[in-house]
Amino acid sequence: KSGGLSNVDASIVTYTPAGIGAVNTTVQAQLRREVYVTDFGADPTGMVDSVFAFNAAITHLKTVGGGKLKISAGTYKMSSMWQVTSVSNAYNLVVEGAGANITILDFSTASAGVHGVDFYGGGVRLRLKGFSIINAPGYGLALNRGFVATYMSRIRVEDIIINGCGNTGLYAEGLYIATFADIE
């Protein structure tokens, strides 16, 4: 008999993370914590609006308790604000592009005054890395706690380019323990 495993249900295969105190989970659960926005229908050619796919990907990560959203190289047409909201939305969330000059979120078709990427509400351990935000009519990137009583904490924003936005490129309010690096 040659070959290996085939047609194995990932929900019954145990995954053991490395490290002392690590807790076993399933391969299926582990795989669901890292997704590509293209898995949800985003179009990296910029021909089709991708904001709905971005929202669907974040909704998925909320349901599994956080994780990593990967944004492949390309230009993504965003016809409205990509808004990630609520007090519990951004816990353990990483949004990572392929690089600031190669992953581009283009808001040129958005309505007047619309922000580009808006993380609104409390959140812990949020990391944004490796993409550009261009042509947002309002702020390019807004990080703020809004009207919630908790602050956004342990925020890291790096390797981000914000260009051609109507208001300030970056708006940040109510952050606690925040790091910004390589922002243009």
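What counts and what doesn't
- Residues numbered from 1 in each chain as written.
- Predicted model: local features only at pLDDT ≥ 70, side-chain atom pairs only at ≥ 80, totals over all residues.
- Heavy atoms only, no water.
- Phe/Tyr/Trp six-rings, centres within 6.5 Å; stacked < 30°, edge-to-face > 60°.
- Helix = DSSP H or I, 4+ residues; strand = E, 2+ residues; numbered from the N terminus.
- Buried < 20%, exposed > 50% of the residue type's maximum accessible area, 1.4 Å probe, protein only.
- Core = buried A, V, L, I, M, F, W, Y, C linked by side-chain atoms within 4.5 Å.
- Pairing = 2+ DSSP bridges.
- pLDDT = per-residue confidence, 0-100.
- Contact = heavy atoms within 4.5 Å.

Some points on the packing of aromatic side chains
- For the coordinates displayed, the defined rule picks out three aromatic pairs.
- Between Phe-54 and Tyr-76 the ring centres are 5.5 Å apart and the planes differ by 80°, which places this aromatic pair in the edge-to-face class. Taken together, the residues Phe-54 in helix 2 (residues 51-63) and Tyr-76 in strand 5 (residues 74-77) connect sequence positions 22 residues apart.
- When its relative accessible area of 0% is taken as the criterion, Phe-54 is described as buried.
- Using a relative accessible area of 0% as the deciding quantity, one classes Tyr-76 as buried.
- Centre to centre, the rings of Tyr-139 and Tyr-171 are 4.9 Å apart; their planes meet at 20°, and the pair counts as stacked. Note that Tyr-139 is positioned in the loop between strand 10 (123-134) and strand 11 (141-144) and Tyr-171 in strand 13 (residues 170-173), a separation of 32 residues in sequence.
- Among the residues examined, Tyr-139 registers a relative accessible area of 21% and is labelled partly exposed.

Some words on the nonpolar core
- Ranked by internal contacts, the top residues of the largest apolar core, which has 36 residues, are Phe-54, Trp-82, Leu-105, Phe-119, Leu-128, Leu-141 and Leu-143.
- Those elements that provide at least two residues to this core are helix 2, strand 4 (67-71), strand 6 (82-85), strand 7 (93-97), strand 9 (117-120), strand 10, strand 11 and strand 12 (152-163).

Thoughts on the pairing of strand 7
- Extensive coverage of strand 7 is indicated by the burial of five of its five residues.
- As paired strands, strand 4 and strand 7 are joined by five bridges and run parallel to one another. Following the sheet pairing, Gly-67 is matched in strand 7 by Leu-93.

Brief notes about the confidence of the model for the chain
- On average, residues of the chain carry a pLDDT of 82, and 82% of them reach 70 or more.
- Across the chain, the secondary-structure element scoring lowest on mean pLDDT is helix 1 (residues 27-31), at 60, and the one scoring highest is strand 5, at 98.

Digging into the environment of Ser-72
- One can find Ser-72 in the loop between strand 4 and strand 5.
- In this structure Ser-72 comes out as partly exposed when scored by relative accessible area, which is 25%.
- Residue contacts for Ser-72: discarding those within four places in its chain leaves Tyr-36, Thr-38, Ala-98 and Thr-103.

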